[in-house]
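# Descriptive analysis of the structure
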Amino acid sequence: MSELREQIQNVIENEPVALFMKGTPQFVMCGNSDRALRALRETGAPVTAVDILPDPAIRQELSALSGWPTIPQVFVNGELIGGADIVEELATSGELARKLENALGPGFREAGSDRTVSVGAAPQHL
Amino acid sequence: MVTEPLQVLLARAFPDATALRVEDRTGGGDHFQVIVESPRFNGLPLLDQHRLVNEALAEPLRDGTIHELRIKTRGTE
């Protein structure tokens, strides 16, 4: 397994809620990434964001791991939840909150605000 | 129509679809919304429903014809 793929896998497995997106929560670069981020925020999810734009290899490795072709991609406790449309639909129906509560416990909203981590050759923690 | 090739791919993948629509969301020919209603989705988790649509559109997703895709699926039950 490549080092990059291993880093991505670590984020998926170790972050309670991982959002792979175009841009960062502070500077979103795509409408669908924005929709996913908003739905997660409205539900109170503790989002760990990864920007896939710095290196095309990030997206390739991510899609190879997840079997999901498009960005954004949302994972809860290592499980792929889906892209923007699914996350939005689950947020509206209340199922996202239930999923988060089941996976992370009833206090999931208190975990704090978004954070951003980087993957790739020179990881920088912002 | 720029939506035609996607319509064809979806019709091929979901021959039993009871509703099938492709919209060019921005008029630019690369931001699409697809709506598919099919008995194949009955009882399937949303993730798997969207997976089937993504598979049907794998080629245009890969070659960049589709820059942004919104998917709406529903079963017939």
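This is a predicted model, so every value here is computed, not measured. (Residues numbered from 1 in each chain as written. Chains lettered and ligands numbered in written order. Predicted model: local features only at pLDDT ≥ 70, side-chain atom pairs only at ≥ 80, totals over all residues.)

### With respect to the overall build of chain B
- Tallying secondary structure elements over chain B gives 3 helices and 3 strands in all.
- Secondary structure elements in chain B, listed N-terminal to C-terminal, are α-β-β-α-α-β.
- Whereas a compact globule of 77 residues would reach a radius of gyration of roughly 11 Å, chain B reaches 12 Å, a difference of no more than 12%.
- Taking the principal axes of its C-alpha atoms as reference, chain B extends roughly 35 × 20 × 20 Å. (Helix = DSSP H or I, 4+ residues; strand = E, 2+ residues; numbered from the N terminus. Rg over C-alpha atoms; globule rule 2.2 N^0.38 Å.)

### Observations regarding the nonpolar core
- Formed by 35 residues in total, the largest nonpolar core has its most connected members in Ala18, Leu19, Phe20, Met21, Ala36, Leu40 and Val87 of chain A.
- When sequence neighbours within four positions are dropped, the list of residues in contact with alanine 36 of chain A reads Leu19, Met21, Pro72, Val74, Gly83, Ala84 and Val87 of chain A.
- Among the nonpolar cores identified, the runner-up in size contains 11 residues, and Leu10, Phe14, Phe32 and Val36 of chain B belong to it. (Core = buried A, V, L, I, M, F, W, Y, C linked by C-beta atoms within 7 Å. Buried ≥ 20, exposed ≤ 12 C-beta atoms within 10 Å, placed from the backbone. Contact = placed C-beta atoms within 7 Å.)

### Points about the packing of helix H4 (residues 84–93) of chain A against helix H2 (residues 46–56) of chain B
- Running from N to C, H4 of chain A and H2 of chain B cross one another at 155°; their axes reach a closest spacing of 10 Å. Relative to H2 of chain B, the element H4 of chain A is oriented roughly antiparallel. In this structure, H4 of chain A meets H2 of chain B at a crossing whose hand is right-handed. Here Asp85, Ile86 and Glu89 of chain A of H4 of chain A lie close against H2 of chain B, whose contacting residues are Leu46, Leu47 and His50 of chain B.
- Taken together, the residues of the contact of H4 of chain A with H2 of chain B sort by class into 3 nonpolar, 1 polar and 2 charged. (Axes fitted to C-alpha atoms, helices over the stretch in contact; angles between N-to-C directions. Parallel < 35°, antiparallel > 145°, perpendicular 65-115°, else oblique. Left-handed = near helix turned anticlockwise from the far one by under 90°. Nonpolar A, V, L, I, M, F, W, Y, C, P; charged D, E, K, R; others polar.)

### Structural notes on the pairing of strand E1 (residues 17–21) of chain A
Residue and element names in this part refer to chain A.
- Among the 5 residues of E1, 5 are classified as buried, and the element is accordingly described as predominantly covered.
- Here E1 shows a buried face lined by Val17, Leu19 and Met21 and a second buried face lined by Ala18 and Phe20.
- Pairing of E1 with strand E4 (residues 47–51) involves 5 bridges; the strand directions are parallel. Looking at E4, one finds that valine 17 is bridged to valine 47. (Pairing = 2+ DSSP bridges.)

### As for unusual backbone geometry
Residue and element names in this part refer to chain A.
- The linkage connecting isoleucine 71 with the following residue, proline 72, adopts the cis geometry, with an omega of 10°.
- As for its position among the elements, proline 72 is in the loop between helix H3 (56–66) and strand E5 (73–76).
- The phi angle at asparagine 77 is positive, at roughly 45°, despite the residue not being glycine.
- By the element assignment, asparagine 77 lies in the loop between E5 and strand E6 (79–82).
- Overall, the presence of 17 C-beta atoms within 10 Å leaves asparagine 77 in the partly exposed class.

### Examining H3 of chain A
Residues and elements named next belong to chain A.
- Inspection of H3 places Ile58, Glu61 and Leu62 among the buried residues, and these make up the whole buried set. Looking down the long axis of H3, one finds its buried residues gathered within 100° of arc, a one-sided arrangement. Of the residues in H3, the exposed ones pointing more than 90 degrees away from the buried face are Pro56 and Ala64.
- Buried residues belonging to H3 abut helix H1 (3–14), E1 and E5.
- Where H3 ends, the next residue or the one after it, glycine 67, has phi of about 70°, a positive value. (Arc of directions from axis to C-beta.)

Limitation: the analysis is restricted to geometry and does not speak to function.
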